[in-house]
Every structure is written in C-alpha cells, then in structure tokens.
Amino acid sequence: MRFSHLFTSGKFIPHITASAHCDLPCGVYDPAQARIEAESVKAICEKYQANEDPEFRTRALMIKEQRSELVKHHLWVLWTDYFKPPHFEKYPNLHVLVNEATKLAGATGAKGSADPDVAEELLVKIDEIAKIFWETKQG
C-alpha cells in the first residue's frame, strides 16, 4: 500500500494506492477446502460400495453429489478469485489442471460415479493445484 498526497485548490487530499494478488487479503483462500470435500466424496464412494441397502445407497449418492459440487465451487473460487495472470504465466498447465480437476468433480467424474478410484484421481489433481497454490504464496 502506498500513500501520497494530492494538492488541489489549496488542500492536501490523501491518495491511497493498494494492490494485491488476490481479491481479499491473503489467508481466505485455501485448496484444503476442496480437498476436504473430495475426501468426503471418496469416503462416500467406499461406503456406497460396501453397502447393499438401496436407501443407504440413495442417500449416499445424494450427499456425494452435493460434496462434488462443493469441490467444483472451491476449485472455481481459486481459479477465478485467487489465481491471476502472473500465476498462469509461471504455471502454464494451471488452466488445464483446474479444468481436469473440476471435470473429475463433475458429472463425468466423481459426481457421476461411485468409484473410489475416480475420487482418488480427483484428490491427486487437487494436490497438484495445492502445490502450485502454496508455491505462489511464497512469492
């Protein structure tokens, strides 16, 4: 943040210039939010596979789909609100990585599947995004 003063009509008017690499002060964004939801998705897939009760399975699928939507939401928030052009320049695979992760959370991935292996693939992508995220926080 830089402070300066403008002199206009015999008055000093304070002028503040601020810049940040994200929309809010750092500390509000964290890929752990997406990871926690993805861990839930994987656990639900495992419980779904281990239980034959149709009512349980229906509830499990509903909850899994909600959690998958939350994964997508948290990834999109990082992509649209935290990551900025300098990040995408330094990490040219970041757009593709976020796209792949959100697809793995979506209807063609964990949201549309009860396979724990698909949920594990999602966790791997989230970890790759988290690695980049934490590298950007260092600089």
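About the thresholds
Residues numbered from 1 in each chain as written. Predicted model: local features only at pLDDT ≥ 70, side-chain atom pairs only at ≥ 80, totals over all residues. Heavy atoms only, no water. Helix = DSSP H or I, 4+ residues; strand = E, 2+ residues; numbered from the N terminus. Buried < 20%, exposed > 50% of the residue type's maximum accessible area, 1.4 Å probe, protein only. Contact = heavy atoms within 4.5 Å. Axes fitted to C-alpha atoms, helices over the stretch in contact; angles between N-to-C directions. Parallel < 35°, antiparallel > 145°, perpendicular 65-115°, else oblique. Left-handed = near helix turned anticlockwise from the far one by under 90°. Nonpolar A, V, L, I, M, F, W, Y, C, P; charged D, E, K, R; others polar. Salt bridge = Lys/Arg side-chain N within 4 Å of Asp/Glu carboxyl O. pLDDT = per-residue confidence, 0-100. Expected span 1.5 Å × (residues − 1).

Observations regarding the overall build of the chain
- Of the regular secondary structure elements, the chain holds five helices and two strands.
- For the chain, the sequential pattern of α-helices and β-strands runs β-β-α-α-α-α-α.
- Per-residue burial for the chain yields a buried fraction of 34% across its 139 residues.
- Within the chain, counting contacts between residues at least 6 apart in sequence, those at least 24 apart form 65% of the total.

Some thoughts on the packing of helix 2 (residues 54-82) against helix 4 (residues 94-105)
- Direction vectors running N to C along helix 2 and helix 4 enclose 165°, while the axes themselves pass 8 Å from each other. Taken together, the axes of helix 2 and helix 4 lie roughly antiparallel to each other. Crossing of helix 2 against helix 4: the hand is left-handed. Contacts from S68, V71, K72, L75, W76 and W79 of helix 2 reach helix 4 at H95, V98, A101, T102 and A105.
- For the contact of helix 2 with helix 4, the residue count by class is seven nonpolar, three polar and one charged.

Some details on the pattern of salt bridges
- Inspection of the entire model under this criterion finds eight salt bridges.
- Members of the salt-bridge network, linked through shared partners, are R35, E39 and D127.

Description of the confidence of the model for the chain
- Summary statistics for the chain give a mean pLDDT of 88 and a share of 80% for residues scoring 70 or more.
- Predicted confidence for residues 1-5 stays below pLDDT 50, and this span has 15 contacts to residues more than four positions away or in other chains.

Let's talk about helix 2
- Taking 1.5 Å per residue, 29 residues should reach 42 Å; helix 2 reaches 41 Å between its end C-alpha atoms and fits that length.
- All of the buried residues in helix 2 are R57, A60, K64, S68, V71, K72, H74, L75, L78 and Y82.
- The elements touched by buried residues of helix 2 are helix 1 (32-49), helix 3 (85-90), helix 4 and helix 5 (116-138).

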